[in-house]
Amino acid sequence: MTQIQPEMKRIEELRQLLKQASYAYYVLDAPTMEDTVYDRLYRELQELEIKYPELVTADSPTQRVGERPATHFTSVRHNIPLYSLENAFNVEELQNWEQRWRRQLTPSNPLGDVEYVAELKIDGAALALTYENGVLVRGVTRGDGVMGEDITQNVRTIRSIPLSLNFDGIEKIEVRGETFLPLEVFKQINQERQKAGEQVFANPRNAAAGTLRQLDPRIVARRRLDFFAYTLHISGMDDAGIANTQWEALELLQKMGFRVNLQHKLCHSLAEVGEYYQYWDTERLNLPYMTDGVVVKLNSFKLQEQLGFTQKFPRWAVALKYAAEEAPTRVEKITVNVGRTGALTPLAEMLPVQLAGTTVSRATLHNSDRIAQLDIRIGDTVIVRKAGEIIPEVVRVITELRPSDTQPFVMPTHCPVCGQPVVRESGEAVTRCVNASCAAILKGEIEHWVSRDALDIKGMGEKLVHQLVDKELVHSVADLYDLTTERLCVLERMGQKLAEKLVSAIALSKNKPWSRVLYGLGIRHVGSVNAQLLTEKFTTVELLAAAKQSDIEGVYGIGAEIAQSVYDWFRTPANQTLISRLQVLELQLATTEAPKAVGVNNPNIAGKIFVVTGTLPTLKRDEAKELIQQAGGKVTDSVSKKTDFLVVGADAGSKLEKAQTLGIAQLSEAQLLELLGE
Ligand code: IVH
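Heads up: these notes are all about the structure in this document. (Residues numbered from 1 in each chain as written. Predicted model: local features only at pLDDT ≥ 70, side-chain atom pairs only at ≥ 80, totals over all residues. Heavy atoms only, no water.)

### Considering the overall build of the chain
When you go through the chain residue by residue, the secondary structure sums to 24 helices and 22 strands. Taken over C-alpha atoms, the radius of gyration comes to 29 Å for the chain, in line with the 26 Å a tight globule of 678 residues would show. Based on the C-alpha atoms only, the size of the chain along its principal axes is roughly 90 × 90 × 45 Å. Counting all 678 residues of the chain, 49% fall into the buried class. (Helix = DSSP H or I, 4+ residues; strand = E, 2+ residues; numbered from the N terminus. Rg over C-alpha atoms; globule rule 2.2 N^0.38 Å. Buried < 20%, exposed > 50% of the residue type's maximum accessible area, 1.4 Å probe, protein only.)

Given below as structure tokens:
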């Protein structure tokens, strides 16, 4: 042990440094360390932990993302139930609440002024976190308030939740708060889901709750959930004096290392609470997260204790909600859109209305079930809702205002674009056009193929793609590669120069790696992450096409539904023909082997196998790969026992984890350049 004492000390020192830097970044929003420095220290810690696995602790910053997806979540009983809050919708209802608690507390001897804490009500999902002797041991969802699900693995990935507390001497503490998705991240996730042909989340709350219940913690880690703590329950020590009020509790939570929403306010009257509520009614639209109201709490814990709880709610707190922005308008038309996956999506075209600062004239009606459920008809007056960044939706029909001659809406039996019969499989809500040569599907497929995360063909916008399909210049993504400047010049507003640029952009896309090609194929449920995972295991298209469904499902992070979709895709003759054409066209349908070294062989590099991952500080990944190859090294796309070095940049994911598991040496960009003698 004495031999490793200096390493133990260094490990401890590194953990402290990283913890502080992470706290400054994720909790205080005030970074103190440059990313590259953080990365270097993180790697140093990783290397030491690989060398001394017995020194790895659960609260080490390297231990946030678990290795294995869970198969299910266990139900657990909350030590103290998670109550919800009574709602009030205006200041009058708030006054009623005050009168009620005052009457109950001191019917004969009224209390004077009291203090309230007004907090923003964060629109996310409640979480209960248990720390034992300062270390996070459990994270549980609210569930029904009595029983929740143990999602500790996922909770650990949330960077603003400390794995250990900056506070000694507490045997057991439960901290509660709200996890939420910042609006920016919510938008991004929905864009990705749309691209992958998946249903988008209706609002950040659903997205946060859905993310928390993901079985694969790596997906959760990527989603960048955040957390605001709002309450604590201490046991196992004399907690009297630690916090006597909600205000002090919030201060204590901050000291312990939690992120607390800093907009809370100590109010000395309901009038002050009312001002706070008014102020945030408009100001909340400028916040980077969603709030749906204000939570008003009696500040004194003593008063809280005296008041206690009803069956469902604390008597000492109330949620003063903001009305979601809603407005009536009239449905003029119901049109049906056909997407890339062939899904028919009905859209309500409405008289334009102003909502949450924008003009809304269209709202998705999702599918025929939803239309039937709401019984929306052309000519109906409906209430549409839009709050903040949320996609506008029709919430209900004002049937009293329905004209006499309306008919229930029926989903078309034939595709509105190609006229072929549509199908709706039993158990599915979605109606689909299954005609592989439907122009709408083809347009969607090509738009997806040329998009940034797929083959990234610059200059190929939506309009151009539509023209190419309408003029029958392309019938599949493979046809793009047969386009010539002459053929392109027949299109509107297409000059010789632009056409030449496009042809070379298309040709350039042949260098895009196999993972992007797979993503570009637009197989259902195969977004860019899944494509990456699949191509790491199946390094050639032949291997993937021949794989059994169980082999595909065996890939870490790939579930049954995805596996089935991939398996079926490769069994469809039209798709097999497409793959053959792409092979002839020489697209990358295999993980590239390192080309023969062209530079001088560098003895540090020659013959060694490298994998490059993450964002490097100065080099593009492709540039790093090229330098390695020029020096005689080999670069592969996936980490295996044969890998000699993993070159790691920021936001490295699964490859880094795998390299850690296999004990593979890691290099920063600087170390790589040093090896290269650059
Ligand atoms: S206190 C016993 N404070 O709102 C009181 N709740 O409808 C517990 N929420 O499920 C709640 N922000 O998850 C409290 N600042 C805040 C909150 C908050 C959001 C959520 C909470 C609860 C729901 C109640």
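Picking up after the structure, the text goes on.
### Examining the site of the ligand
Around the ligand, the neighbouring residues are Leu85, Glu119, Leu120, Lys121, Ile122, Ala126, Arg142, Glu178, Tyr230, Val295, Lys297 and Pro314. Between the ligand and the protein, one listed contact pairs an oxygen atom with a side-chain N or O atom of Glu178 at 2.3 Å. Calculation on the ligand without its partners gives an accessible area of 530 Å², and the protein chains cover 87% of this total. If one sorts the elements of the shell around the ligand by residue count, strand E3 (residues 116-122) sits on top with four residues. Here the residues of the shell around the ligand are counted per class, giving seven nonpolar, no polar and five charged. (Near = heavy atom within 4 Å. Polar contact = N/O pair within 3.5 Å; in protein donor to acceptor, adjacent residues only side chain to side chain. Areas by Shrake-Rupley, 256 points an atom, 1.4 Å probe, with all protein chains shown as cover. Nonpolar A, V, L, I, M, F, W, Y, C, P; charged D, E, K, R; others polar.)

### Section: the sheet that holds strand E10 (residues 291-298)
Strand pairing within a sheet occurs via backbone hydrogen bonds; the two strands may be parallel or antiparallel. One open sheet accounts for five strands, arranged E2-E11-E10-E3-E9; its pairing is mixed. Because the sheet does not close on itself, it has two edges, and the strands there are strand E2 (87-88) and strand E9 (265-267). Sheet topology places E3 next to E9; three bridges connect them, and they run antiparallel. The residue bridging Tyr116 from the neighbouring strand is Cys267, located in E9. (Pairing = 2+ DSSP bridges.)

### Regarding the state of the cysteines
Under the defined criterion, the tally for this structure stands at zero disulfides. You can see Cys415 has no disulfide; the closest cysteine sulfur is in Cys418, sitting 3.7 Å from it. (Disulfide = S-S within 2.5 Å.)

### Description of helix H1 (residues 5-27)
Taking 1.5 Å per residue as the helical rise, H1 with its 23 residues ought to reach 33 Å, and the 32 Å between its terminal C-alpha atoms agrees with that figure. Those residues of H1 not exposed but buried are Ile11, Leu14, Arg15, Leu18, Ala21, Ser22, Ala24 and Val27. Taken together, the buried residues of H1 touch helix H2 (35-51). (Expected span 1.5 Å × (residues − 1). Contact = heavy atoms within 4.5 Å.)

### Considerations on the pairing of strand E5 (residues 135-141)
In the sheet, strand E4 (residues 125-132) pairs with E5 via six bridges, with the strands oriented antiparallel. Across the sheet, residue Leu127 finds its bridge partner in E5, namely Thr141. Hairpin connection from E4 to E5: two residues lie between these consecutive antiparallel strands, with Asn133 at a positive phi of about 45°.

### Section: the sheet that holds strand E19 (residues 609-613)
Spatially, the four strands line up as an open sheet ordered E20-E19-E21-E22, and their pairing is parallel. Edge positions in the open sheet fall to strand E20 (634-635) and strand E22 (665-667), since each of these has one partner strand only. With four bridges connecting them, E19 and strand E21 (residues 645-648) associate as parallel partners. Across the sheet, residue Val612 finds its bridge partner in E21, namely Val647. Where helix H23 (residues 654-662) meets the sheet, its contacts fall on E19, E21 and E22, and the angle it forms with E21 comes to roughly 145°. (Axes fitted to C-alpha atoms, helices over the stretch in contact; angles between N-to-C directions.)

### With respect to the environment of Val422
Structurally, Val422 can be placed in strand E17 (residues 422-423). With ten residues separating them along the chain, Val422 and Arg432 place their C-alpha atoms 5.4 Å apart.

### Remarks on the packing of helix H12 (residues 439-450) against helix H13 (residues 462-470)
Helix-helix packing: each pair is described by the crossing angle between the helix axes and the interaxial distance. Two numbers describe how H12 lies on H13: the axes approach to 9 Å, and their chain directions differ by 135°. As the angle between them shows, H12 and H13 are arranged oblique. Handedness of the H12/H13 crossing: right-handed. Residues Ala439, Leu442, Lys443, Ile446 and Glu447 of H12 touch H13, and the partners they reach there are Glu462, Val465, His466, Val469 and Asp470. The residue inventory of the contact of H12 with H13, partitioned by class, reads five nonpolar, one polar and four charged. (Parallel < 35°, antiparallel > 145°, perpendicular 65-115°, else oblique. Left-handed = near helix turned anticlockwise from the far one by under 90°.)

### Brief notes about helix H22 (residues 621-630)
Listed in full, the buried residues belonging to H22 are Ala624, Lys625, Ile628 and Gln629. Across the axial projection of H22, the buried residues extend over an arc of 135°, all falling on one side. Along its buried surface, H22 packs onto E19, E20, E21 and helix H24 (669-676). Looking at the residues trailing H22, positive phi occurs at Gly632, about 95°. (Arc of directions from axis to C-beta.)

### Quick word on the nonpolar core
Counting residues in each nonpolar core, the largest one holds 54 residues, and the members touching the most others are Trp449, Ile457, Met460, Leu468, Leu480 and Leu534. Residue assignment for this core shows that the elements contributing at least two residues are H12, H13, helix H15 (496-508), helix H16 (514-520), helix H17 (528-537), helix H18 (541-546), helix H20 (560-571) and helix H21 (573-584). With five residues, H20 is the largest single contributor of residues to this core. In this structure Ile457 touches Trp449, Val450, Leu480, Tyr481, Ala505, Ile506 and Ser509, once residues within four positions along its chain are discounted. One finds Leu127, Ile158, Ile189 and Phe227 within the second-largest nonpolar core, a separate group that totals 38 residues. (Core = buried A, V, L, I, M, F, W, Y, C linked by side-chain atoms within 4.5 Å.)

### A word on the pattern of salt bridges
It is possible for side chains bearing opposite charge to pair when their charged atoms get close. Taken as a whole and judged by the stated rule, the model has 31 salt bridges. Residues Asp369 and Arg424 are paired through a salt bridge, measuring 2.7 Å at the closest nitrogen-oxygen approach. With Asp369 in helix H11 (residues 368-374) and Arg424 in the loop between E17 and strand E18 (432-433), this residue pair connects regions lying 55 residues apart in the sequence. We classify Asp369 as partly exposed; its relative accessible area is 38%. A salt bridge links Lys443 to Asp470; its shortest N-O distance comes to 3.0 Å. With Lys443 in helix H12 and Asp470 in helix H13, this pair connects stretches of sequence that are 27 residues apart. Taking the relative accessible area as the measure of exposure, Lys443 reaches 16% and is therefore buried. Ionic contacts of the salt-bridge type, sharing partners, join the residues Glu326, Arg385, Glu393 and Arg396 into one network. (Salt bridge = Lys/Arg side-chain N within 4 Å of Asp/Glu carboxyl O.)

### Some thoughts on the environment of Lys265
Tracing the sequence through the fold places Lys265 in strand E9. For Lys265 and Arg156, which are 109 residues apart along the polypeptide, the C-alpha to C-alpha distance reads 30 Å. Within the structure, Lys265 has its side chain in polar contact with the side chain of Glu272 (distance 3.4 Å).

### Here we look at unusual backbone geometry
For Asp29, which is not glycine, the phi dihedral falls at a positive 60°. Looking at the element boundaries, Asp29 is found in the loop between H1 and H2. If you check the backbone angles, Glu586 has positive phi at about 65° while not being a glycine. For Glu586, the position within the fold is in the loop between H21 and E19. Residue Glu586 is classed as exposed on the basis of its relative accessible area, which comes to 59%.

That is the geometry; function is a separate question.
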